[in-house]
Amino acid sequence: MSPLLCRPPAISSARLPIAPPQRFSIAAATPKERDRIYQIRHEVYADEIHQHAVNEDGRLHDALDQANVYLVAKWDHELCGFISLTPPAKTPYSVEKYLSREALGLPDTSKLHEIRLLTVRKPWRGSEVATLLMYAAFRWVESHGGEHIVAIGRHELLDLYLRLGLERGGSVIQSGAVTYHLLARSVRALREHLEGFENLMGRLEEKVDWKLSFGFRKPVACFHGGGFFNAIGPRFDHLERSHAIINADVLDAWFPPSPKVLAAVREYLPWVARTSPPTACEGLVEVIAQTRGVSYCNILPGSGSSDLIFRALRHWLTPSSHVLVLDPTYGEYVHVLEQVIGCTVDRFLLSRSDQYEVDMERLEAALAGEYDLVVLVNPNSPTGRYIPRDHLVALLKKAPVSTRIWVDETYIEYTGAAQSLEPFAARSENVIVCKSMSKVYALSGLRAAYLCAGAHQLEALRSITPPWVVSLPAQMAAVEALLDPSYYQARYNETGALRLQLKAGIEALGWDVVPGCANFLLCHLPVPGPSAAQLVEQCRPRGLYLRDAAAMSSQLGSDTIRIAVKDAETNARMLGILTGFF
Ligand SMILES: Cc1ncc(COP(=O)(O)O)c(C=O)c1O
């Protein structure tokens, strides 16, 4: 593999023809397994450690078992161990046999779960079963919205509990011949603690057949800009602040939508708000097809390209799929591919020494790699570099038709509408253009986008598109916007001039600015000086929101900032704020 192609070390098991090794399974106990659990409780807590008296029935259970959840670890159908959970309820927790709720000193009992009865049968002691069960119990609480965990841990297992992040609550409890310690921690603190154990988590994940209704891993969301909503208030309490803050962390247009867009939506707003839109966006699709010179069947509408990215990629790809993406690039792609679907993703590394320009020969060689999908963001974010249309078409004609090629043209109008691949994609077998209408038509808040491709690529996606996928104001706005190209062309021309002014101003601060072509600039900060993360923090109290670009790449260092181009007055304000730090 080329040194400039980067592949994650994990080997996709779907590519290996060998049977998966046998693993511990973790599942919720079935009603039938309850009796076996009560027998094992007797074997361990009565016969072995003498916490309870031996009884004739040979079983131990208690009133809490009605409300308790049991999770079990099994090896080839044999029960190796279990753990029990007491969710918040009116009934007391087990620990209340020894301590009052007040003495527990825990903040909110409506979000408090007790973990109890971690039990591992003799043959499996010292294996990973205890850790797996504890982690499963933690994930149970976390995934069910719990905020605090309390437990009493046997003295002999104290080290294990402390290693997993629980903390001693001070009290020591004697029950029969057994000494217990009170343990507690917030779920948030436990999650942070676990973050330091990525290797252990990876090993456990390999060894477990996880049969619970929630994932082994807590699902993560892709990081985006939008931090300025903290200033406005997530419930929009301070919309007046929208005039003062500078949201240069997102790439929304600096200009308003066409006056025709605003007039149409404004005039009919009460009706627009209460009326169901055309079910399949029929009129909008017609206008897109007409203005782009393609047929109706070549267009699939979506509520923003984010909707289309999730809908299409999850429909086409599986964990055994193999995908190539640029690096750096727009972060949602790697998130959906790796975190949501679980594909193997190769990165086509772009380097600072080439100003992040795509080397077409190298890309041509990489495309021969029989990928299921190749994602090309053109112009690319956060670099702002683009591949001219003719070069890209020549390259794509040589790519294997079995490889779907997804070209994200969110920012293409800034290079000239003639640069778009839409008509080419509509005629091709395997090229799909994803067109966001957010950034270049100033419609980010309304949510409208579409795919343009051969009808055969869209057929299956059409059947999984919900009715009314684009809201009525968004459909109306998108139609008006597409019918007013001269207004937008004038704004794109202005953006070019504003970008050059901003670039010159930033360079005067000593930053190294990549020569972008769209409504944003990627910059390397000077050294010595604050890191990107520090600068983002420092600017926030002054109402300036910037984007640390590190998360959009496996290779960008801690010194890259992406900044949106704004109108002349706002650009000057941004430069004024930044001058204070350089
Ligand atoms: C390259 C790229 N693609 C897609 C999107 C998502 O746009 P939308 O608003 O259409 O979901 C963005 C947003 O920043 C982007 O930069």
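This text follows the structure it describes.
Worth saying up front: this structure is predicted, and the values here are computed from it rather than measured.

Cut-off values and rules
- Residues numbered from 1 in each chain as written.
- Predicted model: local features only at pLDDT ≥ 70, side-chain atom pairs only at ≥ 80, totals over all residues.
- Helix = DSSP H or I, 4+ residues; strand = E, 2+ residues; numbered from the N terminus.
- Buried ≥ 20, exposed ≤ 12 C-beta atoms within 10 Å, placed from the backbone.
- Contact = placed C-beta atoms within 7 Å.
- Pairing = 2+ DSSP bridges.
- Axes fitted to C-alpha atoms, helices over the stretch in contact; angles between N-to-C directions.
- Near = placed C-beta within 6 Å.
- Nonpolar A, V, L, I, M, F, W, Y, C, P; charged D, E, K, R; others polar.
- Right-handed = clockwise from strand over helix to strand, strands pointing away.

Participant: Explanation requested: the overall build of the protein in the structure shown.
Facilitator: Secondary structure summary: the protein contains 20 helices and 22 strands in total. The dimensions of the protein, computed from C-alpha atoms along their principal axes, are 90 × 55 × 55 Å. With 582 residues in all, the protein has 39% of them scored as buried. Taking the intrachain contacts of the protein between residues at least 6 apart in sequence as the baseline, contacts between residues at least 24 apart amount to 71%.

Participant: I keep staring at the sheet that holds strand 4 (residues 78–86) and nothing clicks. Help me out?
Facilitator: Strands in a sheet are paired, the pairing made by backbone hydrogen bonds, and the direction either parallel or antiparallel. If you trace the 8 strands from one edge of the open sheet to the other, you get 7-8-6-5-4-3-2-9, paired in mixed fashion. Strand pairing shows two members of the sheet lacking a second neighbour, strand 7 (167–175) and strand 9 (208–210), which therefore form its edges. Pairwise comparison of adjacent strand axes, ignoring direction, gives a mean angle of 25 degrees for this sheet. Bridging between strand 7 and strand 8 (residues 178–186) involves 6 bridges; their strand directions are antiparallel. Residue pairing across strands places I173 opposite Y180, the latter belonging to strand 8.

Participant: Could you clarify how one ought to interpret the site of the ligand in this entry?
Facilitator: In the vicinity of the ligand there are 13 residues, among which G304, S305, S306, S436 and S438 approach most closely. Taken together, the residues of the shell around the ligand sort by class into 4 nonpolar, 8 polar and 1 charged.

Participant: So what exactly am I meant to see when it comes to the pairing of strand 15 (residues 404–408) here?
Facilitator: Successive residues of a regular strand alternate their side chains across the two faces of the sheet. Among the 5 residues in strand 15, 5 count as buried, and that is most of the element. Every second residue of strand 15 is oriented toward a common face, with R404, W406 and D408 on one face and I405 and V407 on the other, all of them buried. Looking at chain direction, strand 14 (residues 373–377) and strand 15 are connected through 5 bridges and run parallel. Within strand 15, the position partnered with L373 by the bridge is R404. One crossover worth recording links strand 14 to the parallel strand 15 by way of helix 14 (residues 389–398), and it is right-handed. Note that strand 15 and strand 16 (residues 431–436) share 4 bridges and pair parallel. In the sheet register, D408 faces strand 16, and the bridge partner there is C434.

Participant: How do you make sense of the sheet that holds strand 22 (residues 560–564) when you look at a structure like this?
Facilitator: Pairing in this open sheet of 4 strands is antiparallel, and the strands run 18-19-22-21 from one edge to the other. The open sheet terminates on both sides in strands that have one partner only, identified here as strand 18 (512–513) and strand 21 (547–548). Across 5 bridges, strand 19 (residues 520–524) lies against strand 22 in antiparallel orientation. What sits directly across from L522, in strand 22, is R562. Seen against the sheet, helix 18 (residues 485–507) touches strand 18 and strand 19 and runs at an angle of roughly 15 degrees to strand 19.

Function cannot be inferred from these measures alone, as they are strictly geometric.
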